[in-house]
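# Structural overview
Now for the letters of each chain:
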Amino acid sequence: MSDIHANLTALDTVVRDAEEDGAIDGVWSLGDNVGYGPQPAECLARLRELNATIIAGNHDRAATGAMGIEEFNSDAATAALWTREHLSEDDKAFLDKLPEVSKPVDSFTIVHGTLKYPVWEYLYSYETAQGHLELQETPFSFVGHTHVPLRVVEDKQQPRGCELYRLDDGDVTELTDEARLVLNPGSVGQPRDGDPRASYAIYDTDQQTVTMKRVEYEFAKTQELMREADLPVWLIDRLAVGR
Ligand code: ZN
(Lines give C-alpha, C1' and ligand atoms only; values in the text may rest on other atoms or scores of the structure.)
Protein backbone atom coordinates (compact mmCIF):
# COMPACT_ATOMS: atom_id res chain seq x y z
CA MET A 1 0.00 0.00 0.00
CA SER A 2 1.07 3.55 -0.61
CA ASP A 3 0.09 7.12 0.24
CA ILE A 4 -2.06 6.31 3.25
CA HIS A 5 -1.89 10.00 4.15
CA ALA A 6 -3.16 9.73 7.71
CA ASN A 7 -6.50 8.32 6.56
CA LEU A 8 -7.12 5.63 9.20
CA THR A 9 -10.62 4.78 7.98
CA ALA A 10 -9.20 3.93 4.55
CA LEU A 11 -6.23 2.06 6.04
CA ASP A 12 -8.43 -0.10 8.29
CA THR A 13 -10.81 -0.85 5.42
CA VAL A 14 -7.94 -1.92 3.19
CA VAL A 15 -6.44 -4.20 5.84
CA ARG A 16 -9.83 -5.82 6.49
CA ASP A 17 -10.34 -6.27 2.74
CA ALA A 18 -6.91 -7.85 2.29
CA GLU A 19 -7.54 -10.27 5.17
CA GLU A 20 -10.82 -11.42 3.64
CA ASP A 21 -9.00 -13.76 1.26
CA GLY A 22 -6.95 -15.27 4.08
CA ALA A 23 -4.25 -14.13 6.46
CA ILE A 24 -1.69 -11.69 5.12
CA ASP A 25 1.99 -12.36 5.77
CA GLY A 26 3.09 -8.76 5.73
CA VAL A 27 2.36 -5.17 4.86
CA TRP A 28 4.61 -2.92 2.83
CA SER A 29 3.93 0.81 3.01
CA LEU A 30 5.52 2.86 0.23
CA GLY A 31 5.61 6.25 1.93
CA ASP A 32 3.46 9.30 2.63
CA ASN A 33 2.13 7.47 5.64
CA VAL A 34 1.07 10.85 7.04
CA GLY A 35 0.19 14.31 5.71
CA TYR A 36 -3.18 15.63 4.42
CA GLY A 37 -5.33 13.36 6.60
CA PRO A 38 -6.67 13.72 10.15
CA GLN A 39 -5.14 10.72 11.97
CA PRO A 40 -1.36 10.66 11.51
CA ALA A 41 -0.48 9.21 14.93
CA GLU A 42 -3.22 6.59 14.70
CA CYS A 43 -2.01 5.48 11.25
CA LEU A 44 1.58 5.14 12.45
CA ALA A 45 0.41 3.13 15.48
CA ARG A 46 -1.61 0.85 13.20
CA LEU A 47 1.32 0.30 10.83
CA ARG A 48 3.64 -0.50 13.73
CA GLU A 49 1.04 -2.91 15.09
CA LEU A 50 0.99 -4.62 11.68
CA ASN A 51 4.78 -4.79 11.81
CA ALA A 52 4.81 -3.20 8.36
CA THR A 53 7.88 -2.60 6.25
CA ILE A 54 7.70 1.17 5.87
CA ILE A 55 9.63 3.67 3.82
CA ALA A 56 9.52 7.46 3.82
CA GLY A 57 7.76 9.81 1.42
CA ASN A 58 8.08 13.56 1.07
CA HIS A 59 5.14 14.15 3.42
CA ASP A 60 6.72 11.96 6.10
CA ARG A 61 9.84 14.12 5.91
CA ALA A 62 7.88 17.38 5.96
CA ALA A 63 5.83 16.17 8.94
CA THR A 64 8.90 16.04 11.16
CA GLY A 65 10.59 19.19 9.92
CA ALA A 66 13.42 17.09 8.44
CA MET A 67 12.45 18.68 5.13
CA GLY A 68 11.08 22.17 4.57
CA ILE A 69 7.64 22.87 3.15
CA GLU A 70 8.79 25.38 0.50
CA GLU A 71 8.09 22.91 -2.30
CA PHE A 72 4.53 22.30 -1.10
CA ASN A 73 1.43 24.12 -2.34
CA SER A 74 -0.38 26.07 0.36
CA ASP A 75 -2.92 23.35 1.27
CA ALA A 76 -0.19 20.72 1.56
CA ALA A 77 1.93 23.10 3.64
CA THR A 78 -0.98 23.86 5.99
CA ALA A 79 -1.61 20.14 6.41
CA ALA A 80 2.09 19.45 7.00
CA LEU A 81 2.27 22.05 9.77
CA TRP A 82 -0.92 20.66 11.32
CA THR A 83 0.59 17.16 11.18
CA ARG A 84 3.78 18.39 12.91
CA GLU A 85 1.65 19.60 15.81
CA HIS A 86 -0.22 16.32 16.07
CA LEU A 87 2.68 13.88 16.21
CA SER A 88 4.61 12.98 19.36
CA GLU A 89 8.39 13.31 19.52
CA ASP A 90 8.48 9.52 19.44
CA ASP A 91 6.41 9.42 16.22
CA LYS A 92 8.68 12.01 14.61
CA ALA A 93 11.80 10.09 15.60
CA PHE A 94 10.20 6.97 14.12
CA LEU A 95 9.46 8.79 10.84
CA ASP A 96 12.95 10.29 10.67
CA LYS A 97 14.48 6.81 10.91
CA LEU A 98 12.51 5.46 7.96
CA PRO A 99 14.71 4.68 4.95
CA GLU A 100 14.01 6.26 1.56
CA VAL A 101 14.79 3.07 -0.34
CA SER A 102 14.17 -0.41 1.06
CA LYS A 103 16.65 -3.23 1.09
CA PRO A 104 15.47 -5.84 -1.43
CA VAL A 105 12.34 -7.62 -0.10
CA ASP A 106 11.78 -10.84 -2.04
CA SER A 107 12.46 -9.70 -5.61
CA PHE A 108 11.31 -6.13 -4.94
CA THR A 109 12.82 -2.78 -4.14
CA ILE A 110 10.45 -0.29 -2.53
CA VAL A 111 10.70 3.46 -2.95
CA HIS A 112 8.19 6.32 -2.72
CA GLY A 113 9.09 8.33 -5.84
CA THR A 114 11.86 6.94 -8.03
CA LEU A 115 15.28 5.44 -7.41
CA LYS A 116 16.78 8.60 -8.89
CA TYR A 117 15.04 11.00 -6.49
CA PRO A 118 13.48 8.71 -3.86
CA VAL A 119 11.06 11.04 -2.11
CA TRP A 120 10.45 13.64 -4.81
CA GLU A 121 10.30 12.40 -8.40
CA TYR A 122 6.96 11.28 -9.88
CA LEU A 123 7.21 8.15 -11.99
CA TYR A 124 4.58 8.78 -14.66
CA SER A 125 6.44 9.10 -17.98
CA TYR A 126 8.69 6.97 -20.18
CA GLU A 127 11.61 9.16 -19.23
CA THR A 128 11.18 8.92 -15.46
CA ALA A 129 10.42 5.18 -15.73
CA GLN A 130 13.58 4.58 -17.73
CA GLY A 131 15.73 6.56 -15.31
CA HIS A 132 14.29 4.53 -12.46
CA LEU A 133 14.77 1.18 -14.21
CA GLU A 134 18.42 1.98 -14.89
CA LEU A 135 19.00 2.11 -11.15
CA GLN A 136 16.77 -0.85 -10.26
CA GLU A 137 18.87 -3.82 -9.15
CA THR A 138 15.98 -6.19 -8.39
CA PRO A 139 13.63 -7.71 -11.00
CA PHE A 140 10.68 -5.73 -9.64
CA SER A 141 9.95 -2.58 -7.70
CA PHE A 142 7.02 -0.86 -6.05
CA VAL A 143 6.65 2.92 -6.15
CA GLY A 144 3.93 5.34 -5.01
CA HIS A 145 3.76 9.17 -4.92
CA THR A 146 1.56 9.78 -8.00
CA HIS A 147 -1.54 8.27 -6.33
CA VAL A 148 -2.35 6.60 -9.69
CA PRO A 149 -2.07 2.80 -10.19
CA LEU A 150 0.45 1.93 -12.89
CA ARG A 151 2.44 -0.94 -14.38
CA VAL A 152 5.72 -0.34 -16.18
CA VAL A 153 7.11 -3.18 -18.27
CA GLU A 154 10.73 -2.87 -19.31
CA ASP A 155 11.30 -3.52 -23.03
CA LYS A 156 14.78 -2.74 -24.22
CA GLN A 157 13.82 -3.41 -27.87
CA GLN A 158 11.82 -0.21 -27.81
CA PRO A 159 13.36 3.23 -28.13
CA ARG A 160 11.39 4.33 -25.04
CA GLY A 161 12.72 1.34 -23.13
CA CYS A 162 9.40 0.41 -21.55
CA GLU A 163 5.61 0.37 -21.76
CA LEU A 164 3.24 2.05 -19.29
CA TYR A 165 -0.21 0.71 -18.39
CA ARG A 166 -2.86 2.21 -16.09
CA LEU A 167 -4.32 -0.37 -13.73
CA ASP A 168 -7.89 -0.96 -12.57
CA ASP A 169 -9.58 -3.01 -9.88
CA GLY A 170 -8.87 -6.72 -10.40
CA ASP A 171 -6.02 -6.28 -12.90
CA VAL A 172 -3.45 -9.02 -12.38
CA THR A 173 0.27 -8.63 -13.12
CA GLU A 174 2.29 -11.82 -13.44
CA LEU A 175 5.82 -11.74 -12.12
CA THR A 176 8.04 -13.64 -14.52
CA ASP A 177 11.69 -13.51 -15.48
CA GLU A 178 10.73 -12.29 -18.95
CA ALA A 179 10.53 -8.61 -18.06
CA ARG A 180 11.51 -6.32 -15.25
CA LEU A 181 8.60 -4.36 -13.81
CA VAL A 182 7.69 -1.31 -11.79
CA LEU A 183 4.30 -1.32 -10.07
CA ASN A 184 2.38 1.49 -8.41
CA PRO A 185 -0.56 0.31 -6.27
CA GLY A 186 -2.23 3.75 -6.20
CA SER A 187 -3.17 5.53 -2.98
CA VAL A 188 -4.96 4.19 0.08
CA GLY A 189 -5.86 7.52 1.62
CA GLN A 190 -6.17 10.00 -1.26
CA PRO A 191 -6.76 8.40 -4.70
CA ARG A 192 -6.28 10.77 -7.66
CA ASP A 193 -7.40 8.79 -10.70
CA GLY A 194 -11.04 9.87 -10.53
CA ASP A 195 -12.08 6.85 -8.46
CA PRO A 196 -12.55 7.68 -4.76
CA ARG A 197 -12.19 4.07 -3.62
CA ALA A 198 -9.05 3.22 -1.64
CA SER A 199 -6.43 1.60 -3.86
CA TYR A 200 -3.89 -1.08 -2.97
CA ALA A 201 -2.43 -4.31 -4.32
CA ILE A 202 -2.02 -7.87 -3.11
CA TYR A 203 1.26 -9.63 -3.82
CA ASP A 204 0.64 -13.37 -3.88
CA THR A 205 4.00 -15.01 -3.23
CA ASP A 206 2.73 -18.51 -4.17
CA GLN A 207 1.19 -17.51 -7.51
CA GLN A 208 3.80 -14.80 -8.17
CA THR A 209 1.13 -12.29 -9.08
CA VAL A 210 0.22 -8.78 -8.00
CA THR A 211 -3.51 -8.00 -8.08
CA MET A 212 -4.92 -4.49 -7.96
CA LYS A 213 -7.73 -3.89 -5.51
CA ARG A 214 -10.15 -1.01 -5.08
CA VAL A 215 -12.33 -0.86 -2.02
CA GLU A 216 -15.04 1.55 -0.90
CA TYR A 217 -14.47 3.10 2.47
CA GLU A 218 -16.41 5.62 4.53
CA PHE A 219 -14.68 8.75 3.28
CA ALA A 220 -17.40 10.87 4.95
CA LYS A 221 -15.96 9.76 8.29
CA THR A 222 -12.47 10.97 7.31
CA GLN A 223 -13.95 14.21 5.96
CA GLU A 224 -15.78 14.84 9.23
CA LEU A 225 -12.56 14.46 11.22
CA MET A 226 -10.79 16.80 8.79
CA ARG A 227 -13.51 19.42 9.25
CA GLU A 228 -13.18 19.16 13.02
CA ALA A 229 -9.42 19.62 12.63
CA ASP A 230 -10.00 22.65 10.39
CA LEU A 231 -7.90 21.20 7.56
CA PRO A 232 -8.10 22.89 4.11
CA VAL A 233 -11.45 22.50 2.33
CA TRP A 234 -9.98 21.29 -0.97
CA LEU A 235 -8.22 18.43 0.81
CA ILE A 236 -11.55 17.45 2.36
CA ASP A 237 -13.55 17.74 -0.88
CA ARG A 238 -11.15 15.79 -3.07
CA LEU A 239 -11.66 12.55 -1.12
CA ALA A 240 -15.21 12.32 -2.47
CA VAL A 241 -14.13 12.60 -6.12
CA GLY A 242 -10.77 10.87 -6.09
CA ARG A 243 -8.91 13.86 -7.55
ZN1 ZN B 1 1.38 11.22 -1.52
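Before any of the text, the structure's been laid out above.
This text gives an overview of the structure that appears in the document. (Residues numbered from 1 in each chain as written. Predicted model: local features only at pLDDT ≥ 70, side-chain atom pairs only at ≥ 80, totals over all residues. Heavy atoms only, no water.)

### Overview of the layout of surface pockets
Rolling a probe over the atoms, with the probe sized like a water molecule, indicates the empty space that remains. Of the volumes computed, that of the largest pocket is approximately 650 Å³. Lining the largest pocket are 25 residues, with Ile24, Asp25, Gly26, Ile202 and Tyr203 sitting closest to its centre. For the lining of the largest pocket, the residue count by class is 14 nonpolar, six polar and five charged. Within this model, the second largest pocket holds a volume of roughly 200 Å³. In terms of lining, the second largest pocket is formed by 16 residues, of which the most central are Tyr36, Asn58, His59, Asn73 and Tyr122. Counting only elements with at least two residues in the lining of the second largest pocket, the list comes to α3 (58-64) and α8 (233-241). Here the lining of the second largest pocket is built from residues that sort into six nonpolar, six polar and four charged. (1 Å grid on protein atoms, 1.4 Å probe; cavity = no way out; pocket = protein on both sides within 12 Å on 5 of 7 lines; lining within 4 Å. Points joined across faces, edges and corners; volume = space filled by probe spheres on them. Nonpolar A, V, L, I, M, F, W, Y, C, P; charged D, E, K, R; others polar. Helix = DSSP H or I, 4+ residues; strand = E, 2+ residues; numbered from the N terminus.)

### Here we look at the coordination of the zinc ion
Protein-derived coordination of the zinc ion comes from Asp3 (OD), His5 (NE2), Asp32 (OD) and His147 (NE2), at a distance range of 2.1 to 2.3 Å. The sequence motif formed by the donor residues of the zinc ion is D-x1-H-x26-D-x114-H. (Donors = N, O, S within 2.8 Å, 3.2 Å for Na, K, Ca; no water.)

### Things to note about the side chain of His59
Counting through the fold element by element, His59 comes out in helix α3. The exposure class of His59 is buried, given its relative accessible area of 6%. In contact with His59, not counting residues within four places along its chain, are His5, Asp32, Val34, Gly35, Tyr36, Phe72 and Ala76. (Buried < 20%, exposed > 50% of the residue type's maximum accessible area, 1.4 Å probe, protein only. Contact = heavy atoms within 4.5 Å.)

### A look at the sheet that holds strand β10 (residues 209-215)
Overall, antiparallel pairing links the three strands, which are arranged β7-β10-β9 in an open sheet. Pairing within the sheet leaves two strands with one partner each, and these edge strands are β7 (172-174) and β9 (198-204). Across the sheet, the axes of successive neighbouring strands diverge by a mean angle of 20°, strand direction being ignored. Note that β9 and β10 share seven bridges and pair antiparallel. In the sheet register, Ser199 faces β10, and the bridge partner there is Arg214. Sheet contacts for helix α1 (residues 8-20): β9 and β10; angle to β9, the most-contacted strand, approximately 35°. (Pairing = 2+ DSSP bridges. Axes fitted to C-alpha atoms, helices over the stretch in contact; angles between N-to-C directions.)

### Things to note about the pattern of salt bridges
Counted by the stated rule, this structure contains 14 salt bridges. Between Arg48 and Asp91 there is a salt bridge whose closest N-O contact spans 3.5 Å. A residue pair is termed long-range when its members are at least 10 positions apart, and Arg48 in helix α2 (residues 40-49) and Asp91 in helix α5 (residues 89-97) qualify at 43 residues. Judged by its relative accessible area of 9%, Asp91 falls in the buried class. Between Glu89 and Lys92 there is a salt bridge, with the nearest N and O atoms lying 4.0 Å from each other. (Salt bridge = Lys/Arg side-chain N within 4 Å of Asp/Glu carboxyl O.)

### Quick notes on the sheet that holds strand β6 (residues 162-166)
The strands that make up a sheet are held in pairs by hydrogen bonds between backbone atoms, and each pair lies either parallel or antiparallel. Reading across from one edge, β3-β4-β8-β5-β6 is the order of the five strands in this open sheet, with mixed pairing throughout. For this open sheet the edge positions go to β3 (108-110) and β6, each flanked by a neighbour on one side alone. Strand-to-strand, the axes of this sheet are offset by a mean angle of 15°, without reference to chain direction. When strand β4 (residues 140-142) meets strand β8 (residues 181-184), the two strands line up parallel, connected through three bridges. Opposite Phe140, over in β8, you have Leu181 as the bridge partner.

### Describing the packing of aromatic side chains
Across all of its chains, the model carries eight aromatic pairs by this definition. When the ring of Trp28 is compared with that of Phe142, the centres are 6.1 Å apart and the planes differ by 75°; the resulting orientation is edge-to-face. Here Trp28, found in strand β1 (residues 28-29), pairs with Phe142, found in strand β4; they are 114 residues apart in sequence, far enough to count as distant. Each member of the pair, Trp28 together with Phe142, is buried. Through pairs of rings, three or more aromatic residues link up here, namely Trp28, Phe108, Phe140, Phe142 and Tyr203. Taking the ring centre of Phe94 as reference, the NZ or CZ of Arg48 above it sits at 4.1 Å. (Phe/Tyr/Trp six-rings, centres within 6.5 Å; stacked < 30°, edge-to-face > 60°. Lys NZ or Arg CZ within 6 Å of the ring centre and 35° of its normal.)

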